[in-house]
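If you want the building blocks of each chain, they are given just below.
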Amino acid sequence: MYIDGEKNGGSNVKTENGKNPNCEKEEEEDNQPIVPPPDGGWGWAVVFASFMIHVIADGITYSFGIFLVELIRVFDSDRGATSLIPSILVGVTLGSGPITASFTNRYGCRAVTIAGAILASAGLALSTLSNSIGVLYFTIGVCTGLGFGLIYLPAIVSVSMYFEKKRAFATGIAVCGSGLGTFIMAPVTKGLINQFGWKGAMLITAGLILNCIIFGAMFRPLQPKSKKKLLMVEEGSEGKVLLENNGNYAHPIQNGGAPVNGEPVPPMRPFAEQTGMNGKYNDMTRFTMSHPAHLNQAESKPRIHFGSHAHFQGLKSRRGSRDEGTGVMNRKDILYGGSLLNIPEYKRDPQGYRRSIQNLPEDAEYPGTQENRICCCTVSPAQARSFNQMADFSLFRDPVFIMYAVSNFLTSIGFNVPYVYTVDRAILWGMDPESASFLLSVIGIANTIGRIILGWIGDQGWVKRLYIYNFCLVLCGITMGLSVFCTTYTTQAMYCAVFGVTSGAYVGLTSVVLTDLLGLDKLTNSFGLILFFQGIASVMGPPVIGALYDAIGDYDAGFYFAGSMIFLSGAMLFFIPPIQRRIDAKPKFKMAQSKSEDDLHEEL
């Protein structure tokens, strides 16, 4: 049995497998695990790690068009079939969002990122053993795609956990690694292929991905600052030994107690007498206590739990697993890329806002933070909840969300086409391979500039972010269609620069536009579904353009088609504001109609 001494001097006796009747109530009161982000400090190391992960993962993904040219030549395959490799890669990366969210919620950003880096690297390494395109669908498309999916979400989430006021700036720095990675990896990939062949280049690239293990290890979770101190006393052959929260052996207890972290420990006999537990423990007993900073005999009684050694080992292991990032995805604003100063609730009461935006399930698994309390309940992780939250299809009843989802689907059909086919098209137009590869670098650096500029503009309170998003997509679609006339290297580089800048809105403004349209409460749910649609469209887009080339003999029709999809995706969203006004006007109309009927009845 174990005994629970209350601060008021009372005690409750329970069976060994019994539950504290007040435990569930206390758990609800204590579920305030959100730590105020430091908006700096180690957060800048997290930003650097996220930046480097984007450099590596996105740089490899967006420069895969260079590998595509070589694979078409080596396997003598058509462009439609070969382009399915990067299409599956991107599709699986995006579509794995709900699964990644579930793993991140359970195991934390650090562990998921490391696992993703190993899987992605293994997929590319195994690809060097392939002798057919079909095998590459699995090794590169599925394995590396899923690995990048496990890397991508934690790289964003970890930055959001460390920043609130400066989140837009920090996130902007992190995602800029995508454009810089494309700028760097395009010529690097071409040089590696020239030097070592496609297999050697892919093997070296696989080794490069393993660096994400180091950067993932830098995603240190924020720890709740508890006011209580969990102590454990072990009696053995060496006498009484004090254990701290982490289970490490500390100072032996002698002559009234040795200090731990500068705090005095009460002597054992008076301590046992004051709690009424003198003589009720032996060499096989362990107990924990929660005490104020300076506990003495005159102060209130601490709560004490007596139990078996296995009970406390289990308690320590559960606490350790909880501290490793469990519940990361429970914040409703975790995917919001803008500054929280743009959210009125946060500006009014930051602490109250932090409590209100947490999606806590009933069985949330968090360590308590209330003073002088240890809850003995064993709680299960909220892994299934995070998955269901990102894959909840109830939003399809909202016409605004349906329009935005269709728009994202159309954008994703054409978005990856320049990354996959720009190099091949330029070579077919007579440009040398090295210069053609550098066109992807132009897209990359322009995309970096575009994300910075559009991110800053979008974070201004006076800007209608939806209109900026729509305008960029319309311009992006138009320039993609006109790119078929840019047959010189200079004009093609100009097109790539415009595409890079305007496509930055598609990636950088999605989360803030979703928040503007649907509200913060629906952000995680809507973002998960949007990623799902993007994944499906990404698998479809490049193979369609490749099939058109195989049938017609040039890329003109394909780029017309891709550009029209992006143009339509931006143009259709200009109809959202009038639709929203009409939806908002319906309740007012019904209310006015009801009031008129009531007035008529009164007159009669």
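Residues numbered from 1 in each chain as written. Predicted model: local features only at pLDDT ≥ 70, side-chain atom pairs only at ≥ 80, totals over all residues. Heavy atoms only, no water.

Remarks on the packing of aromatic side chains
Point 1. Considering all chains together, one arrives at 22 aromatic pairs under this definition.
Point 2. An angle of 75° between the planes, with centres 6.4 Å apart, marks the rings of Y62 and F415 as edge-to-face. Here F415 lies in helix α15 (residues 399-415) and Y62 lies in helix α2 (residues 43-62), a separation of 353 residues in the sequence. One exposure class covers both Y62 and F415, and it is buried.
Point 3. With a centroid separation of 6.3 Å and an interplanar angle of 35°, the aromatic rings of Y495 and F499 are classed as tilted. Within this pair, Y495 and its partner F499 are both found in helix α19 (residues 489-508), separated by four residues, close to a single helical turn. As far as the burial class goes, Y495 and F499 line up, both buried.
Point 4. An aromatic cluster is built from Y62, F415, Y419, Y495, F499 and Y506, whose rings are joined through pairwise contacts.
Point 5. The ring of W42 is capped by R220, whose NZ or CZ atom sits 4.5 Å from the centre of that ring. (Phe/Tyr/Trp six-rings, centres within 6.5 Å; stacked < 30°, edge-to-face > 60°. Helix = DSSP H or I, 4+ residues; strand = E, 2+ residues; numbered from the N terminus. Buried < 20%, exposed > 50% of the residue type's maximum accessible area, 1.4 Å probe, protein only. Lys NZ or Arg CZ within 6 Å of the ring centre and 35° of its normal.)

A closer look at the state of the cysteines
Point 1. Inspection of every chain in the model, using the stated rule, returns zero disulfides.
Point 2. C472 takes part in no disulfide bond, and the closest cysteine sulfur, belonging to C476, lies 8.7 Å away. (Disulfide = S-S within 2.5 Å.)

A few points about the environment of F401
Point 1. Of note, F401 is situated in helix α15.
Point 2. With a relative accessible area of 0%, F401 lands in the buried category.
Point 3. Separated by 116 residues in the primary sequence, F401 and L517 place their C-alpha atoms 8.0 Å from one another.
Point 4. Sequence-distant contacts of F401, defined by excluding residues within four places in its chain, comprise L395, F396, L518, S526, L529 and I530. (Contact = heavy atoms within 4.5 Å.)

Concerning the nonpolar core
Point 1. Counting 118 residues, the largest nonpolar core has F148, Y404, Y421, Y469, V513, L517 and F559 as its most contacted members.
Point 2. The leading source of residues in this core is helix α8 (residues 167-209), at eleven residues.
Point 3. Discounting chain neighbours no more than four positions away, the residues touching Y469 are Y404, N408, A505, Y506, L509, T510, V513 and L573. (Core = buried A, V, L, I, M, F, W, Y, C linked by side-chain atoms within 4.5 Å.)

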